[in-house]
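The primary structure of each chain is shown beneath.
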Amino acid sequence: MFVKSVYNFEKKIESFHNHKLSVATWCLLKYYLNFTAPIYFKLSKKKMQQSVCKYTNKTVIVSFTTFPARMKTLPIVIESLLRQTVKPDRIILWLADTQYPDKNKVTTQLKPFIDQGVEVKYCDDLRSHKKYYYSMKENPEAIVVTVDDDIIYPEDMLEKLLKAHKKYPDCVVANRAHKIKFHDNKLLPYSKWDIKVIDTTEPDISLCPTGCGGVLYPAHCLDHRVFDRDVFMDICKYADDLWLKCMSFLNGTKVVISEKNIPEIIDVLGNKSSGLAKINVEEGKNDKQIQSVTKHYDIRWK
């Protein structure tokens, strides 16, 4: 398991708790994996995959979305999903109708993956909310695992989520999460939250999953208002992770991290400039959006 071995090496380096060393190693491994993984995927055969039946009797759907600027780098992401140690029942890629007028071109581009069972579906442009919205709405009894379109996932990403789900079947399970922080019973700014919590595997309602690591949502873990598309498109258009966190909180659902000391994720080169990180974090829109949702639904965080 090539990608997993790279992540495990990074994890060993991070165990030294030397920030400069960890950052330098992550940068080197990022370039290394981006250049070597496509070669490895092309030359190696897929290994035998476990059935999800070992962990659940529910249908497991891996669901994600993308947009035209990332189509060129999408293959390495999809290949990493197809090589998971546990085989999901379905992998669904949601594309906005208006962004892909030439459906035949998309089919041609993604044919190698479609032939392996990846489903490409078209829908309204709900921005990043496409990632979960339709898969959850059309499959209310399924487990939906959301992933991002710019991460090279280790082969055991899904297995880790399912193992934790088996132990905590009523929790949202994340491979990566922040911890929401408060002062005088009020939310502190996003920049003040504990970033990348790694030292606990206990369920906690104040944990906020970050979708880039992979997040497992069991059936009925979210408030029914999760499908209020007019609301989220108005006040939380760019922050699907925060919207889903608000909906799990309203439902009283705790979050658990799959295991301690998960290494930092490795993203695909050249994508951050076209993603949501700049809009939400650098421009401070995360705070505005979560405050708007808090006010709209009168969420009492404390």
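In case you missed it, the structure is sitting above this.
Model, not experiment: these values are computed from the prediction. Counting of residues starts from 1 at the beginning of each chain's written sequence and follows it residue by residue. Two thresholds apply to this predicted model, a pLDDT of at least 70 for residue-level local features and 80 or more for giving and counting side-chain atom pairs, whereas whole-chain, interface and lining totals are computed over all residues. The basis for the side-chain values is all heavy atoms of the structure; hydrogens and waters are excluded.

*Asks:* What exactly am I supposed to notice about the pairing of strand β6 (residues 143–146) here?
*Replies:* Each regular strand carries side chains that alternate between the two faces of the sheet. Under the scheme applied here, a residue whose accessible area is under 20% of the maximum for its type counts as buried, over 50% as exposed, and between as partly exposed, the area being computed with a 1.4 Å probe on protein chains only. A run of DSSP states H or I qualifies as a helix once it reaches four residues; a run of E qualifies as a strand once it reaches two. Both are numbered from the N-terminal end. Here β6 shows a buried face lined by Ile143 and Val145 and a second buried face lined by Val144 and Thr146. Strand pairing requires that DSSP identify at least two bridges connecting the strands. Bridge count between strand β2 (residues 60–65) and β6: four bridges; the pairing is parallel. From the neighbouring strand, isoleucine 61 faces β6, where its bridge partner is valine 144. Direction of pairing for β6 relative to strand β12 (residues 215–217): antiparallel, over a ladder of three bridges. Residue pairing for β12: valine 144 is matched across the bridge by tyrosine 217.

*Asks:* What is the right way to look at the nonpolar core in this model?
*Replies:* In summary, soluble globular proteins display a tendency toward joint burial of nonpolar side chains. Grouped together as the largest cluster of nonpolar side chains are 49 residues, with contacts concentrated most on Leu33 and Val145. If you list the elements that add at least two residues to this core, you get α1 (2–14), α2 (19–43), β2, α3 (74–82), β4 (90–96), α4 (103–114), β6 and α6 (157–167). When residues of this core are assigned to their parent elements, the largest contribution, six residues, is made by α3. By nonpolar core we mean a set of buried residues, namely Ala, Val, Leu, Ile, Met, Phe, Trp, Tyr and Cys, connected to one another through side-chain atoms within 4.5 Å. In this structure, Met136, Trp193, Val215 and Leu244 belong to the second largest nonpolar core, which totals 44 residues.

*Asks:* Explanation requested: the side chain of glutamate 79 in the structure shown.
*Replies:* Counting through the fold element by element, glutamate 79 comes out in helix α3. Identification of polar contacts relies on pairs of N or O atoms within 3.5 Å, with a donor-acceptor requirement for protein atoms, meaning one able to donate a hydrogen and the other able to accept it, and with residues adjacent in sequence counted only if both atoms are side-chain atoms. Reaching out from glutamate 79, the side chain makes a polar contact with the side chain of lysine 46 at a distance of 3.0 Å. A polar contact is formed between the side chain of glutamate 79 and the side chain of arginine 83, at a distance of 2.9 Å. In what follows, residue pairs with any heavy atoms lying within 4.5 Å of each other are defined as contacts. Excluding residues that lie within four positions of it along the chain, glutamate 79 makes contacts with Phe41, Lys46 and Phe113.

Coordinates in, geometry out; function isn't part of it.
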